[in-house]
Amino acid sequence: MMVLDKRVLCKQPDRYMGWPSIAQVPNGDLLVVFSGDRDAHVSNDGKVQMIRSSDAGSTWSAAETIFDTGIDDRDSGITVTARGTVLVSWFTGPYGGPWQGHWMVRSTDNGHTWESPVGTSVSAPHGPIQLKEGRLLFAGQRPHCSHVPSGSDNLMPGESPYEVALAESRDDGCSWHPVAVFPIPSHERMLSYDEPHLLERDDGTLIAMFRDCNGEHFMRQSESTDGGLTWFSAVATPIRGLPPHLLHLGDNRLLLTYARRWPPYGVFACISDDNGTTWNPEGEFRLSDALGDDLGYPASVKLADGTIWTVYYQVDQPGEKPCIMGTHWRP
C-alpha cells in the first residue's frame, strides 16, 4: 500500500463535521457528502452538506448545503446509479425527541441541482447499492434508533425499537419499498447488527457487513444468494472496527474500510483476495492515525487509474472539532 496524499478536505471553524461518504459522478467529479455546520456529535443543527473536486481530489470546493430540516440531519450516503443519477440519503431526528424519517434526494446533473426528497423506510451511513440486474437495494435500520436504545445495549431483538430491514427501488431511486427483514437470531443482541453496508459479488451473491456495538467489535458478515430476500446466519469476522464500508476492486478483491475508536485510534483498511470469503487481520493497514475516539465512518471510491480516495472524519489539530479528511492511496 502506498499513500499518495492525506489532507483536510473541508473544515468549518468551531463547527462539528462528521459521517462522510464519497462517489464519482458521470462528469468525473468527486462528491463527498456529510453532516456539517453542527455544534457537536449529537445536536439539533446538523445539515446535509457536500463538497466537490473536479481534479481527482487535488482541490475541493467549499461546503454547500443540500438539505436542512432545521433539526438533526446526519449519516449522509451517496450512490451513483447506472443511469448516472446521484442519490444522497440521510436520516433526520431531533436530539432527545421522536424519530422523524429516512430520506433520499436525486440529482440528474452531477449533483448541481436536487429533486424533492422521498422517504426510504431504512437508514444506514453509506446508502444503497445497485445490483447488476438493475434494482437499488438499501439495508438499514427501520426506523432509526441510536446505538444504545432506551439507555441499554443489552436489549434483545424483541425488545428493540427497530429492526434491520431491506428496501428496494426499481425506478432509479424515485420510490422505495420494503422487501425483506434481516433474520436476527433470538439469542443475539440487536446492536450486533448495526449500520450495515452491502456489496454484490461478481457471481451475484450479496454480502452484508455489520457493525457490532457489543463485545470486542468484530464485524459480522452474512450472505444472500437470492437478491436479498433471504440471508444466511451472520458470522463474526476477524476484523475489529466500526462501521464497515465495502468496495469491489476487481480480480476477486474486496476492500473493507473501518475505524478504531480505541488505541491506537485511526482509520484502517483490509483487502480480501477471495471475494470476502476470508479476511486476514494481519494484512490490514492504517490509512490515518487520530487524536481521539470521535472519528471514522470511512468510505472509499476507486478512480480510473486504480488509486483510491478514502474519506472519514476526525480532529485535525488539538482543541478543534472534527472535520472531513481523506487519504488518497494505491493498493
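Here the residue numbers are simple positions, counted from 1 along each chain's written sequence. Predicted model: local features are reported for residues with pLDDT of at least 70 only, side-chain atom pairs are reported and counted for 80 or more only, and whole-chain, interface and lining totals are derived from all residues. Heavy atoms from the whole structure form the basis of all side-chain values; hydrogens and water molecules are not counted.

**Observations regarding the layout of surface pockets**
Of the voids in this model, the largest pocket is the one considered here, and its volume is about 680 Å³. Put plainly, a pocket is an open set of points on a 1 Å grid over the protein atoms alone with protein on both sides within 12 Å along at least five of seven lines, a cavity is a set where a 1.4 Å probe fits but cannot get out, and a lining residue has an atom within 4 Å of a point. Taken together, 28 residues make up the lining of the largest pocket; nearest its centre are T79, I129, Q130, L246 and L247. Elements with a minimum of two residues in the lining of the largest pocket: β2 (16-24), β6 (73-80), β10 (129-130), β14 (194-200), β18 (242-250) and β22 (296-302). Grid points are joined across faces, edges and corners, and a volume is the space filled by probe spheres set on the points. The helix and strand labels rest on DSSP assignments: H or I over at least four residues marks a helix, E over at least two residues marks a strand, and numbering proceeds from the N terminus.

**A few points about unusual backbone geometry**
In this chain, L242 is followed by P243 through a cis amide linkage whose omega measures -25 degrees. As for its position among the elements, P243 is in strand β18. Of the consecutive residues P263 and P264, the connecting peptide bond is found in the cis state with omega at -5 degrees. Looking at where P264 falls in the secondary structure, it is placed in the loop between β19 (253-260) and β20 (266-272). In this structure, D37 takes a positive phi of about 50 degrees despite not being glycine. Positionally, D37 belongs in strand β3 (residues 30-38). Although it is not a glycine, N275 adopts a positive phi angle of roughly 60 degrees. You can see N275 is positioned in the loop between β20 and β21 (285-289). Relative accessibility thresholds used throughout: buried, under 20% of the residue-type maximum; exposed, over 50%; partly exposed, between the two (1.4 Å probe, protein chains only). For N275, a relative accessible area of 13% translates into the label buried.

**Here we look at the nonpolar core**
Put simply, buried Ala, Val, Leu, Ile, Met, Phe, Trp, Tyr and Cys residues joined by side-chain atoms within 4.5 Å make one nonpolar core. Formed by 34 residues in total, the largest nonpolar core has its most connected members in I22, V32 and I324. Of all the elements, strand β23 (residues 308-314) adds the most residues to this core, at five residues. In what follows, a contact means two residues having at least one pair of non-hydrogen atoms within 4.5 Å. Residue contacts for V32: discarding those within four places in its chain leaves P20, S21, I22, Q49, M50, I51, W60, V311 and I324. Among the nonpolar cores identified, the runner-up in size contains 21 residues, and A180, F182, Y193 and A208 belong to it.

**Observations concerning the packing of aromatic side chains**
Aromatic rings in a pair are described by how distant their centres are and how their planes are angled relative to each other. Stacked, edge-to-face and tilted labels apply to pairs of Phe, Tyr and Trp rings (six-membered ring for Trp) whose centres lie within 6.5 Å, assigned for plane angles under 30 degrees, over 60, and everything in between, in that order. Per the counting criterion, the structure on display carries 13 aromatic pairs. Consider the rings of Y16 and W19, whose centres lie 5.8 Å apart with planes at 35 degrees: the pair is tilted. An angle of 85 degrees between the planes, with centres 6.0 Å apart, marks the rings of W60 and W309 as edge-to-face. Taken together, the positions of W60 in the loop between β4 (47-53) and β5 (64-67) and W309 in strand β23 put the pair 249 residues apart, joining distant regions of the chain. Note on accessibility: W60 and W309 belong to one class, buried. The rings of Y16, W19, Y297 and Y313 are connected pair by pair, giving a single aromatic cluster.

**Side note on the pairing of strand β12 (residues 163-169)**
Of all the seven residues making up β12, six are buried; the element is thus mostly covered by neighbouring parts of the structure. Direction of pairing for strand β11 (residues 136-142) relative to β12: antiparallel, over a ladder of seven bridges. Note on β12: the bridge partner recorded for R142 is E163. Bridge count for β12 against strand β13 (residues 177-181) is four bridges, and the pairing is antiparallel. The partner of A167 across the bridge, within β13, is P178. In this analysis, strands are considered paired if DSSP registers two or more bridges between them.

**Side note on the sheet that holds β5**
Taken in spatial order, the four strands of this open sheet run β2-β3-β4-β5, and their pairing is antiparallel. The open sheet terminates on both sides in strands that have one partner only, identified here as β2 and β5. Across the sheet, the mean angle separating the axes of adjacent strands is 35 degrees when strand polarity is ignored. Of the strand pairs in this sheet, β3 and β4 are connected by seven bridges, and their pairing is antiparallel. Each bridged residue has a counterpart across the sheet, and for G36 the counterpart in β4 is K47. Lines are fitted to the C-alpha atoms to define the axes, a helix being fitted only along its stretch in contact, and any angle between axes, read from their N-to-C directions, falls within 0 to 180 degrees.

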